[in-house]
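So you can see what is in the structure, the chains are spelled out below.
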Amino acid sequence: MACVLTRNKLKCLIFGDAKELSNNVLPTFEDVMQYYLFVKHKLKPEITSKEPSVSSIAEIIAVDLEKVWLKALIPVVSHTRVLQMIKTYHDQYRNILKSAKSRINIETFKKKL
């Protein structure tokens, strides 16, 4: 039986809808994480439930980010540093997401977001 794909599967509690990275505008951290969710969903096979690794997704994101930065003539740090930054931000995202469902209505949690 085929899995029905809905828009709700691409939605995150913290960042909203997953979307592609824009080539015309410099991305924010939120844009990068939305693109992370987009790439993660694109790489995930429909038959098995195994998630793609963070490092494989980060590699794809890093290459695309570097293209945008080079197009804007922004000096780019080393590729490994870009990967570290993406993984660090992903870890912060996972830590916030752990308890997000239970604390989504609390004011202090909303401020932290």
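Please refer to the structure higher up on the page.
Just so you know, these numbers come straight off a predicted model, no measurement behind them.

What counts, and where the lines are drawn
- Residues numbered from 1 in each chain as written.
- Predicted model: local features only at pLDDT ≥ 70, side-chain atom pairs only at ≥ 80, totals over all residues.
- Heavy atoms only, no water.
- Phe/Tyr/Trp six-rings, centres within 6.5 Å; stacked < 30°, edge-to-face > 60°.
- Helix = DSSP H or I, 4+ residues; strand = E, 2+ residues; numbered from the N terminus.
- Buried < 20%, exposed > 50% of the residue type's maximum accessible area, 1.4 Å probe, protein only.
- Lys, Arg positive; Asp, Glu negative; His and termini not counted.
- Salt bridge = Lys/Arg side-chain N within 4 Å of Asp/Glu carboxyl O.
- Polar contact = N/O pair within 3.5 Å; in protein donor to acceptor, adjacent residues only side chain to side chain.
- Contact = heavy atoms within 4.5 Å.

> In this structure, what is going on with the packing of aromatic side chains? I would like to understand it.
The geometry of an aromatic ring pair is captured by the separation of the ring centres together with the interplanar angle, meaning the angle of the planes. Enumeration over the complete set of coordinates arrives at two aromatic pairs. Here phenylalanine 29 and tyrosine 89 contribute two aromatic rings whose centre-to-centre distance is 4.7 Å and whose plane-to-plane angle is 25°, an arrangement assigned as stacked. Here phenylalanine 29 is found in helix α1 (residues 29-43), whereas its partner tyrosine 89 is found in helix α3 (residues 79-98), with 60 residues between them in sequence. Relative to phenylalanine 38, the ring of tyrosine 35 has its centre 6.3 Å away and its plane inclined at 20°; by these criteria the two rings are stacked. Taken as a pair, tyrosine 35 and phenylalanine 38 lie in helix α1 at a separation of three residues, close to a single helical turn. Exposure remark for phenylalanine 38: the relative accessible area of 22% places this residue in the partly exposed category.

> For this particular structure, what's the right way to read the side chain of aspartate 64?
By secondary structure assignment, the location of aspartate 64 is in helix α2 (residues 54-71). One buried charge, aspartate 64, has no salt-bridge partner; the nearest side chain with opposite charge is lysine 67, at 4.2 Å. Separated by 2.3 Å, the side chains of aspartate 64 and tyrosine 35 make a polar contact. The contact partners of aspartate 64, leaving out residues within four places of it in the chain, are Leu21 and Tyr35.

These figures capture arrangement, not role.
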